[in-house]
Amino acid sequence: RDTYEMLLQTGLPLQQKAFQLGLRIEQPQETVNRHKYGGDSDYLQLLGAADYSLIAKGQKDLFTFCMCAGGVVIPSVSEPNMYCSNGMSNSRHDTPFANSGLVVTLQPQEFGSSHPLAGVHVQRQYESLAFAMTGGNYFAPVQRAEDFLADRTPSPTEQLPSSYQRGTRASNLAAVLPPSILKAMKVGLPILDAQWRGDFLQDAVLVGPEMRGSSPVRIDRDPVTMEIPALPGVYPIGEGAGYAGGIVTAAVDGLRAA
């Protein structure tokens, strides 16, 4: 984010870009395995921890992103006094938890400003709220999926199962989402649950916010040379430059530039 600010001050053209944000969801990995493999343990031994990729179509689509089978929820903090979540798996995929991003696309016209970094300002607004609501100690705000859908604010003393290692605090996650994203989450989650015949939200815990689906900024580049027009020899590529949304697409953009 400091790099974006620096580039903007130099006069280089930056553009607003749609980006994805939402929450993360954690379920017992056993639930995911059972849904995908049934009761056949041979599949688990052969294929390892099961994953999933789901989408709920609507006025705004809700979809899973960066699913981490047998993984952990981690902080993805890029500035002091802010909090957002992400996920990862070690090579063995052997924790008791599955986690995945649950994200919705926010369009530039929803940023509330024409400033090139308006999307970054949206991220900062909700990340600072998430940091404050857990006491300012980089704990993760968490909530049962059923309570989130029922608009029930949990007791802050409630202890919920989570792989997040710094600590958690039960919170109302509606406070860390823009209104249009919150609405899409409330509509989409029951659809995803129906696709899994009630297994998707069973024992599910939500963590948030998830703000790293993609960059809200794009650094302008020549479509043929892939260089910044005012800085020949400088190639903005991949996610941070606003030309990819994930590991694979970032790698492909790098290959194209090379």
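Given the structure is predicted, the values throughout are model-derived calculations rather than measurements.

Cut-offs applied
- Residues numbered from 1 in each chain as written.
- Predicted model: local features only at pLDDT ≥ 70, side-chain atom pairs only at ≥ 80, totals over all residues.
- Heavy atoms only, no water.
- Helix = DSSP H or I, 4+ residues; strand = E, 2+ residues; numbered from the N terminus.
- Rg over C-alpha atoms; globule rule 2.2 N^0.38 Å.
- Buried < 20%, exposed > 50% of the residue type's maximum accessible area, 1.4 Å probe, protein only.
- Contact = heavy atoms within 4.5 Å.
- Core = buried A, V, L, I, M, F, W, Y, C linked by side-chain atoms within 4.5 Å.
- Expected span 1.5 Å × (residues − 1).
- Bend = angle between axes of the 7 residues up to and from the residue.
- Patch = residues over 30% accessible without salt bridge, like charges linked within 9 Å, V, L, I, M, F, W, Y side chains within 5 Å.
- Areas by Shrake-Rupley, 256 points an atom, 1.4 Å probe, with all protein chains shown as cover.
- Salt bridge = Lys/Arg side-chain N within 4 Å of Asp/Glu carboxyl O.
- Pairing = 2+ DSSP bridges.
- Polar contact = N/O pair within 3.5 Å; in protein donor to acceptor, adjacent residues only side chain to side chain.
- Phe/Tyr/Trp six-rings, centres within 6.5 Å; stacked < 30°, edge-to-face > 60°.
- Lys NZ or Arg CZ within 6 Å of the ring centre and 35° of its normal.

1. Describing the overall build of the chain
Counting its secondary structure elements, the chain contains seven helices and eleven strands. Here the chain has a C-alpha radius of gyration of 19 Å; the compact-globule value for 258 residues is 18 Å, and the two agree. Oriented by its inertia axes, the alpha-carbon framework of the chain measures out at about 60 × 40 × 35 Å. Looking at the chain residue by residue over its 258 residues, the buried ones come to 47%. Of the contacts formed within the chain by residues at least 6 apart in sequence, a portion of 73% connects residues at least 24 apart.

2. Re the nonpolar core
Within the largest apolar cluster, 49 residues are counted, with the highest numbers of intra-cluster contacts made by Leu 102, Phe 148, Met 185, Phe 200 and Leu 206. The greatest single-element share of this core, amounting to six residues, is contributed by helix 6 (residues 179-195). In this structure, Val 120, Val 217, Ile 228 and Ala 241 belong to the second largest nonpolar core, which totals ten residues.

3. Points about helix 6
With 17 residues, helix 6 extends 25 Å from end C-alpha to end C-alpha; this agrees with the ideal 24 Å at 1.5 Å per step. Of all bends in helix 6, the biggest is about 25°, found at Gly 188, and the proline Pro 190 comes one to four residues later. Next to the buried residues of helix 6 lie strand 2 (19-28), strand 3 (55-56), strand 4 (62-68), strand 7 (97-106), helix 5 (145-149) and strand 10 (205-210). Once helix 6 ends, the next one or two residues include Arg 197, with phi positive near 55°.

4. Observations concerning a nonpolar patch on the surface
A cluster of nonpolar side chains, Tyr 43, Leu 46 and Leu 47, forms an exposed patch at the surface whose accessible area comes to about 360 Å². Along the chain, the position of Tyr 43 falls in helix 3 (residues 41-47). Under the relative-accessibility criterion, Tyr 43 is labelled partly exposed at 42%.

5. Details of the pairing of strand 4
Across two bridges, strand 3 lies against strand 4 in antiparallel orientation. Each residue of the ladder has a partner; that of Ala 56, found in strand 4, is Leu 62. Once strand 3 ends, the chain turns through five residues before running back antiparallel as strand 4. Here strand 4 runs beside strand 7; their pairing, made up of four bridges, is antiparallel. In the sheet register, Thr 64 faces strand 7, and the bridge partner there is Leu 102.

6. Some thoughts on the side chain of Arg 221
Here Arg 221 shows up in the loop between strand 11 (217-219) and helix 7 (247-257). Residue Arg 221 is classed as buried on the basis of its relative accessible area of 11%. A distance of 2.9 Å separates the side chain of Arg 221 from the backbone oxygen of Pro 236, its partner in a polar contact. Not counting chain neighbours up to four residues away, the residues in contact with Arg 221 comprise Met 226, Glu 227, Pro 229, Pro 236, Ile 237, Tyr 243, Asp 253 and Arg 256.

7. Re the packing of aromatic side chains
Counting across every chain of the model gives seven aromatic pairs. Measuring from centroid to centroid gives 5.9 Å for Tyr 83 and Tyr 164, while their planes differ by 90°, and the two rings are edge-to-face. With Tyr 83 in the loop between strand 5 (72-75) and strand 6 (85-88) and Tyr 164 in the loop between helix 5 and strand 9 (168-170), the pair connects residues that are 81 residues apart, well separated along the chain. By relative accessible area, Tyr 83 is classed as buried at 0%. Here a set of aromatic residues connected by ring pairs shows up, and it is made of Tyr 52, Trp 196 and Phe 200. If you follow Lys 186 out to its NZ or CZ, it ends over the ring of Phe 148, 5.3 Å from the centre. Positioned above the aromatic ring of Tyr 243 is the side chain of Arg 218, whose terminal nitrogen or guanidinium carbon lies 4.9 Å from the ring centre.

So yeah, pure geometry; function would need other evidence.
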